[in-house]
Amino acid sequence: MTTPALLPLSGRRIPPLNLGASSFPHHRATLRLSEKFILLLILSAFITLCFGAFFFLPDSSKHKRFDLGLEDVLIPHVDTSKGGKNLGGYLIHGQGHDEHRHREEEERLRNKIRADHEKALEEAKEKLKKSRDEIRAEIQTEKNKVAQEMKKKDSKPLPPVPVPNLIGINSEDPADKDILEKRDKIKEMMKHAWENYRQYGWGHNELKPIARKGHSTNIFGNSQMGATIVDALDTLYIMGLHDEFREGQDWIDKNLDFSVNSEVSVFEVNIRFIGGLLAAYYLSGQEVFKLKAVQLAGKLLPAFNTPTGIPWAMVNLKSGVGRNWGWASAGSSILAEFGTLHMEFVHLSYLTGDPVYYNKVMHIRKLLQKMERPNGLYPNYLNPRTGRWGQHHTSVGGLGDSFYEYLLKAWLMSDKMDTEARKMYDDAIEAIERHLIRKSNGGLTYIGEWKNGHLERKMGHLTCFAGGMFALGADGSRDDKAGHYLQLGAEIAHTCHESYDRTTLKLGPEAFKFDGGLEAVAVRQNEKYYILRPEVIETYWYMWRFTHDPKYRQWGWEAAQAIDKYCRVSGGFSGVKDVYSSSPAYDDVQQSFFLAETLKYLYLLFSNDDLLPLDNWVFNTEAHPLPVLHLANTTLSGNPAYR
């Protein structure tokens, strides 16, 4: 799963004013001031400060200074007959000696100021003898020292914790030669995507494979944080691409810096960066990933500083200032965003021993439990200031999707001890089935969207993850309905396959309708695009794991072939703008989730079940596998939710 489609925020960037040189006749000369002149200004200020301190020292003839040392202390007055002077009930001893010592102290201070002044002048003269390049080199050296000190401070070792039972990190090759060949093809596609990113977009968040340069969106702010590197790490490791994995690790160790003045999506950074770093740590055991995940998590915590504790959608990594998307309902936070933090934050508390992360997500859960829900449904918008729902729009696709996924996965990740999360999931799914799930005239089961009291007969590509979720949650469902939910998962998988099969490219559109005679087909032009999304393939994989019906591997292979045929370009993989056109235009973006999710799910689809078995691993919404925290291993088991 990935984020709901985020709209560009109008007015976020103000174009520079076009002011001619005549408006500011001296601005160019000002900008050419040499470093030496600036240095002289600084030294002048320093010298002025020194002389100011000298001339404004208290005059000993006018002011008496009482130093509270060992010799001269204020003690309660007992007896004034022995040469002491009474002052408000306290006795001051040795006043004559004090005045003499005070004059010596002032003289010593004057001498020190003179010496410091002369030393500063000598240092200034030496500096001014150096060339501009030498001064710049010294400044850079000082910067590097500060950076190294900060790095040491941030790299404090974390407390040791018991390592969860990590089963199935490696697996034998499939015995079936045809399946092995298909898996090898997926691996080759991964290498093509990675190598082109490394060549043309290294360090950037994503790649523009046709323009062959870096790409980024507002969810990552304005910084080069290497989102593709972090997102792809565990896929590289699982595929056995260890040289590529080490390249990514080396970049992260040396270059991944979170102390940047950049406003990022809390949700996206959590699922891609923290989730990716934690998965890489568990798979490889390399401490650098754990340390980086904890550093980043600390930068996200200020987003929770709201009246309700519901986090802002965005936070500035440097200042900690948060805000919400301008297009969200009346300044609301989004259900899928603040509801998709639990897995990663529980692991952060487990690895650090610090309950702050766990407490943040449990506070959100408690707040949601107290709120009334229209028809038992969770609206997609919640105001973090008032704690009230925004407009009543409910979706299992964009804006809502992964909230429901994380309720189920919180239960699974707790070794099925978090019964509170399971109850919330079961209640939500029953309301969804009652109000949102319908069967079309042509017999296709779909999940609509509830908007202001009526059902919109539309389903998004993002919603297609739900087939896998229903299958994953079948075991443990109420009233022995495991068979029912497995069947529901199969029906959703079939509907989503139809949305692919009814296009020219055999790739699914972003959204599709069930109106009149049109079923599982996109109607609007702005819903006909495919941006390398994984949700349909995700459901195929879960359905394969639970049923071993060969059609899911067949459908997955059809999708892989279509991606390779229509999305592959010489510089990587690109989304396409119209899946109903035989010659579609490219959007020229290789999304980081293509490497994190789409290719990983395809690879797992053609692997043995003992690779990352679902009894031991739970995949976050960006397909990053995190181990089940068995009760005996977790420090969180004192919470009633885990009993």
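Along each chain, residue indices are assigned from 1 in the same order as the chain's sequence is written. Side-chain atom pairs in this predicted model are given and counted only at pLDDT of 80 or more, local residue features only at pLDDT of at least 70, and totals for whole chains, interfaces and linings cover all residues. With hydrogens and water excluded, all non-hydrogen atoms of the structure serve as input to the side-chain values.

Axis separation between helix α5 (residues 177-200) and helix α19 (residues 592-605) bottoms out at 9 Å; the angle between their running directions is 165°. On the basis of their axis angle, the class for α5 and α19 is roughly antiparallel. Of the two elements, α5 crosses α19, and the hand of that crossing is left-handed. Contacts from Arg183, Ile186, Lys187, Met189, Met190, Ala193 and Trp194 of α5 reach α19 at Phe594, Leu595, Leu599, Leu602 and Tyr603. Interaxial angle, 0 to 180 degrees, is taken between N-to-C directions of lines fitted to C-alpha atoms, where a helix line uses only the stretch in contact. A run of DSSP states H or I qualifies as a helix once it reaches four residues; a run of E qualifies as a strand once it reaches two. Both are numbered from the N-terminal end. By definition in this entry, angles of less than 35 degrees are roughly parallel, angles greater than 145 are roughly antiparallel, angles of 65 to 115 are roughly perpendicular, and the rest are oblique. By the definition used in this description, the sense in which the near helix is turned from the far one sets the handedness, with an anticlockwise turn below a right angle giving left-handed and a clockwise turn giving right-handed. Only heavy atoms matter for contacts: two residues are in contact if any of them lie within 4.5 Å across the pair.

Moving on: the confidence of the model for the chain. For every residue, the pLDDT score states the predictor's confidence, bounded by 0 at the bottom and 100 at the top. For the chain, per-residue confidence averages 85 on the pLDDT scale, and residues scoring 70 or more make up 80% of the total. This stretch, residues 53-94, has a pLDDT under 50; its non-local contacts, to residues over four places away or in other chains, come to 49 contacts. Every residue in residues 637-643 scores below 50 in pLDDT, and together they form 22 contacts with partners more than four places removed in sequence or on other chains.

Right, let's talk about the state of the cysteines for a bit. Cysteine sulfur atoms are paired as a disulfide whenever they come within 2.5 Å of each other. Within this structure, the stated rule accounts for 1 disulfide. Shown here is the disulfide that connects Cys464 with Cys496, its sulfur atoms set 2.0 Å apart. Looking down the S-S bond of the Cys464 and Cys496 bridge, the torsion is -95°, so its handedness is left-handed. Remark: Cys496 occurs in helix α16 (residues 482-501) and Cys464 occurs in the loop between β16 (458-460) and α15 (466-472); sequence separation between them is 32 residues. The classification of residues rests on relative accessible area computed with a 1.4 Å probe and restricted to protein chains. Under 20% of the type maximum is buried, over 50% is exposed, and intermediate values are partly exposed. Of the residues examined, Cys496 reaches a relative accessible area of 2% and is grouped as buried.

Another point: the side chain of Thr539. The residue Thr539 is located in helix α17 (residues 535-547) in this model. Counting of polar contacts relies on pairs of N or O atoms within 3.5 Å, with two restrictions inside protein: one atom must be capable of donating a hydrogen and the other of accepting it, and residues adjacent in sequence are counted only when both atoms are side-chain atoms. Among the polar contacts listed, one links the side chain of Thr539 to the backbone oxygen of Cys464, at a separation of 2.6 Å. For Thr539, the residues in contact, after removing those within four places along its chain, are Cys464, Phe465, Ala466, Gly467, Gly468 and Ala493.

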